Amino acid sequence: MVMPLYDDNPFRMSRAPVMSWTLIGFTIIAFILEFSANDNPMVIANQLGVIPGALSGVYSFPGAASPYLTLVTYQFLHADVVHLIGNLIFLWVFADNVEEALGRWRFLAFYLLVGALAALAFVFSAPASRVPLIGASGSISGVVIAYLMLRPCAKLTALVMGIPLRISAYWIIGVFIALQFVNLGSATQNDVAWWCHVGGMAAGAVLFPLMKRGDVRLFECMRADGIRLESAPPLPRPAHLPNAPR
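Because the structure is a prediction, the values reported are computed rather than measured.

About the criteria used
Residues numbered from 1 in each chain as written. Predicted model: local features only at pLDDT ≥ 70, side-chain atom pairs only at ≥ 80, totals over all residues. Heavy atoms only, no water. Patch = residues over 30% accessible without salt bridge, like charges linked within 9 Å, V, L, I, M, F, W, Y side chains within 5 Å. Areas by Shrake-Rupley, 256 points an atom, 1.4 Å probe, with all protein chains shown as cover. Salt bridge = Lys/Arg side-chain N within 4 Å of Asp/Glu carboxyl O. Helix = DSSP H or I, 4+ residues; strand = E, 2+ residues; numbered from the N terminus. Buried < 20%, exposed > 50% of the residue type's maximum accessible area, 1.4 Å probe, protein only. Core = buried A, V, L, I, M, F, W, Y, C linked by side-chain atoms within 4.5 Å. Contact = heavy atoms within 4.5 Å. Phe/Tyr/Trp six-rings, centres within 6.5 Å; stacked < 30°, edge-to-face > 60°. Expected span 1.5 Å × (residues − 1). Arc of directions from axis to C-beta.

**Student:** Is there a simple way to explain a nonpolar patch on the surface in this structure?
**Tutor:** Taken together, the side chains of V18, W21 and W92 define a hydrophobic patch exposed on the protein surface, amounting to about 340 Å² of accessible area. With respect to the helices, strands and loops of the structure, W21 is situated in helix α1 (residues 18-36). Classification of W21 as partly exposed rests on a relative accessible area of 43%.

What follows is the structure, encoded as structure tokens:
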């Protein structure tokens, strides 16, 4: 079990990540409304979650929202507090830098579009399913991949088997990616929509390079003081040594 807690942030952000905070706040409010509106949260999940059979036209579900509208609404519903907190921690750690690289409104568009494409991947994997898909995991999977493309060498503090460790982002995200594919084989045996996660990662990998600001460069490793390693001046040649190479 690997859970990121926070990252070292050498970026000099031009403004606060307001959209990231807004998404976190809106998701919490949606969760409160979800569990206060009805004694059985499954009622809301069946109304506003993505039901593959409804979206593919196999079944009709009276009382449910438009199947296309649920591609957005499902992203703000969660099964329980653990589901909610797990997703929001990932969003808190990774979203601010991605928002900085995209801009506020493009980040919002990126988040919602990645979530919609992630849900379509899940629908494609089980087009006749009646089980509603809920949660922000698909959207957040795309945000995590965007962070990897933006800051692969950033240092993150994470709980690894309950022990806090400071690790490079590419290790933590690499484990995250590996787990999604390892668990695809058991996707029909548990309640986790692994195909949604994989679809979100693929969507994020494609959309982030297309939507980022023009001055943002990808896959750059940075020092803790914010200086790009690629731009650091070379070390002087030790000319005082008689056998120094020329």
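Following the structure, the description resumes.
**Student:** Sorry, what's going on with the nonpolar core here?
**Tutor:** Side chains that are nonpolar tend, in soluble globular proteins, to be buried together. Counting 49 residues, the largest nonpolar core has F94, V98, F110 and F208 as its most contacted members. Each residue touching F208, except ones within four places of it in the same chain, is listed here: V98, A101, L102, F110, A146, M149, L150 and L218. Ranked by size, the runner-up nonpolar core spans 12 residues in total, among them A118, V123, L133 and C196.

**Student:** I tried to follow the packing of aromatic side chains on my own but got confused; where do I start?
**Tutor:** Given two aromatic rings, their pairing is described by the distance between the two centres and the angle made by the two planes. Summed over all chains, the structure comprises 8 aromatic pairs. Judged by centre distance (5.1 Å) and plane angle (85°), the ring pair of F26 and F76 falls under edge-to-face. With F26 in helix α1 and F76 in the loop between α4 (70-73) and α5 (81-102), this pair connects stretches of sequence that are 50 residues apart. On the accessibility criterion, F76 (10% relative accessible area) is buried. Summarising the aromatic geometry, the rings of F90 and F94 are spaced 5.9 Å apart at their centres and angled 35° between planes, so their arrangement reads as tilted. Here F90 and its partner F94 are both found in helix α5, 4 residues apart, which amounts to about one turn of the helix. F90 gets classed as buried once you look at its relative accessible area, which sits at 13%. The exposure class of F94 is buried, given its relative accessible area of 1%.

**Student:** Any chance you could explain helix α8 (residues 169-182) here in plain terms?
**Tutor:** Turn by turn, an α-helix covers 3.6 residues, leaving residues three or four places apart pointing in a common direction. Taking 1.5 Å as the rise per residue, α8 with 14 residues should run 20 Å; its terminal C-alpha atoms sit 20 Å apart, in good agreement. Among all positions in α8, only A169, I172, I173, F176 and Q180 are buried. An end-on view of α8 places all buried positions within 90° of arc, on one side of the element. Those residues of α8 that are exposed and angled more than 90 degrees off the buried face are W171 and V182.

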